[in-house]
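Here's the letter readout for the chains.
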Amino acid sequence: AFQNCTLLSNIQLGEAIDSIGEFAFSECGVFTTLTLPRSLQFMGQGAFSNTGIISLIIESENIATEEGWARPFSGVDTLTIGKYVQEVSYLLFDDFSYVYGLKAVFYNADSCNSMPSFDHCYSLTTLSIGSNVKYIPPYAFYGASYITSPILLGDSISEIGDYAFYGCTGLANLSFPSLDRKSVV
């Protein structure tokens, strides 16, 4: 639809948008921030390929994707996952592993069934986990050795998977809520 509109500097996707077709905004390299609205349900392959997006905000509750759509987000340095996100597609979270330029993650989903994996994101220095997050899966931040921001785990945390923070050697301040738990494994 808008492929190769190289001077496109701002995209505002309204709440009525429920799908974005293949290569719809590919090669539009000027805009740097993208918010995927809560209403978005489908993104086609390469929808945002070869763009200059560095700040990605996901508000969509459930996004079905075609293979290849997340790869252009390899340049993202700030990722915000909104409170209403309920499901993160395998194709989405798989492609956030090894995103070397990712510096900040603000994870606020209240009832997401699966947290994206940010393993081996070597530039990640800032991590914020919302107070209503219930589960951190195995290997979620494995090898993210430069996380230096203090992490406060909210009262809702009920499980932290194996190796979730393994190799986070820069992590100096971690606060657990007063939970009725007998052990941390």
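One structure accompanies this document, and this report is about it. Chains are numbered independently. Their residues run from 1 in the order of the written sequence. Two thresholds apply to this predicted model, a pLDDT of at least 70 for residue-level local features and 80 or more for giving and counting side-chain atom pairs, whereas whole-chain, interface and lining totals are computed over all residues. As a rule here, side-chain values cover all heavy atoms of the structure and leave hydrogens and water aside.

## A short note on the state of the cysteines
Here is step 1: By definition, disulfides here are pairs of cysteine sulfur atoms that lie within 2.5 Å. With the rule as written, the count across this model stands at zero disulfides.
Here is step 2: Lacking any disulfide linkage, Cys 5 is separated from the closest cysteine sulfur, that of Cys 28, by 5.0 Å.
Here is step 3: Exposure classes here rest on a 1.4 Å probe applied to the protein chains alone. A residue is buried below 20% of its type maximum, exposed above 50%, and partly exposed in between. You can call Cys 5 partly exposed: its relative accessible area is 31%.

## Regarding the packing of aromatic side chains
Here is step 1: Aromatic rings from Phe, Tyr and Trp, with only the six-membered ring used for Trp, were paired whenever their centres fell within 6.5 Å, and each pair was classed as stacked if the ring planes differed by under 30 degrees, edge-to-face if by over 60, and tilted otherwise. A full pass over the atoms with the stated rule returns eight aromatic pairs.
Here is step 2: Taken together, a centroid distance of 5.3 Å and an interplanar angle of 5° make the contact between Phe 25 and Phe 48 stacked. In this pair, Phe 25 is assigned in the loop between β1 (19-20) and β2 (33-36) and Phe 48 in the loop between β3 (42-43) and β4 (55-58), connecting sequence segments 23 residues apart. Summarising the burial analysis for this pair, Phe 25 and Phe 48 share the class buried.
Here is step 3: Measuring from ring centre to ring centre gives 5.6 Å for Tyr 163 and Tyr 166, while their planes differ by 75°; the resulting arrangement is edge-to-face.
Here is step 4: Assessed through its relative accessible area of 46%, Tyr 163 is described here as partly exposed.
Here is step 5: For Tyr 166, a relative accessible area of 47% puts it in the partly exposed group.
Here is step 6: Clustering of aromatic rings is evident, with ring pairs tying together Tyr 139, Tyr 142, Tyr 163 and Tyr 166.
Here is step 7: Arg 38 extends its terminal NZ or CZ atom over the ring of Tyr 84, reaching a point 3.7 Å from the ring centre. A run of DSSP states H or I qualifies as a helix once it reaches four residues; a run of E qualifies as a strand once it reaches two. Both are numbered from the N-terminal end. Two thresholds decide whether a charge sits over a ring: the Lys NZ or Arg CZ must be within 6 Å of the ring centre and within 35 degrees of the ring normal.

## Topic: the nonpolar core
Looking at soluble globular proteins, one finds that nonpolar side chains tend to be buried together.
Here is step 1: Residues grouped as a nonpolar core are buried Ala, Val, Leu, Ile, Met, Phe, Trp, Tyr and Cys residues, joined through side-chain atoms within 4.5 Å. The biggest cluster of nonpolar side chains holds 45 residues, and the ones touching the most others in it are Leu 36, Phe 48, Ile 136 and Phe 141.
Here is step 2: Secondary-structure elements contributing two or more residues to this core are β2, β4, β6 (78-81), β7 (104-107) and β8 (126-129).
Here is step 3: In contact with Phe 141, not counting residues within four places along its chain, are Met 115, Phe 118, Asp 119, Leu 124, Leu 127, Ile 136, Ile 147, Ala 164, Phe 165, Tyr 166 and Cys 168. By definition, residues are in contact when any of their heavy atoms lie within 4.5 Å.

## Points about a nonpolar patch on the surface
Here is step 1: Only residues whose relative accessible area exceeds 30% and that form no salt bridge enter a patch; like-charged residues are grouped when within 9 Å of one another, and nonpolar side chains (Val, Leu, Ile, Met, Phe, Trp, Tyr) when within 5 Å. In this description, accessible areas are obtained by the Shrake-Rupley approach with a 1.4 Å probe, and a residue is regarded as covered only by the protein chains that are shown. Put simply, a salt bridge is a Lys or Arg side-chain nitrogen that is within 4 Å of an Asp or Glu carboxyl oxygen. Taken together, the side chains of Tyr 98, Tyr 100, Tyr 122 and Tyr 146 make up a nonpolar region of the molecular surface, amounting to roughly 460 Å² of accessible area.
Here is step 2: As for its placement among the helices and strands, Tyr 146 is situated in the loop between β9 (135-136) and β10 (151-152).

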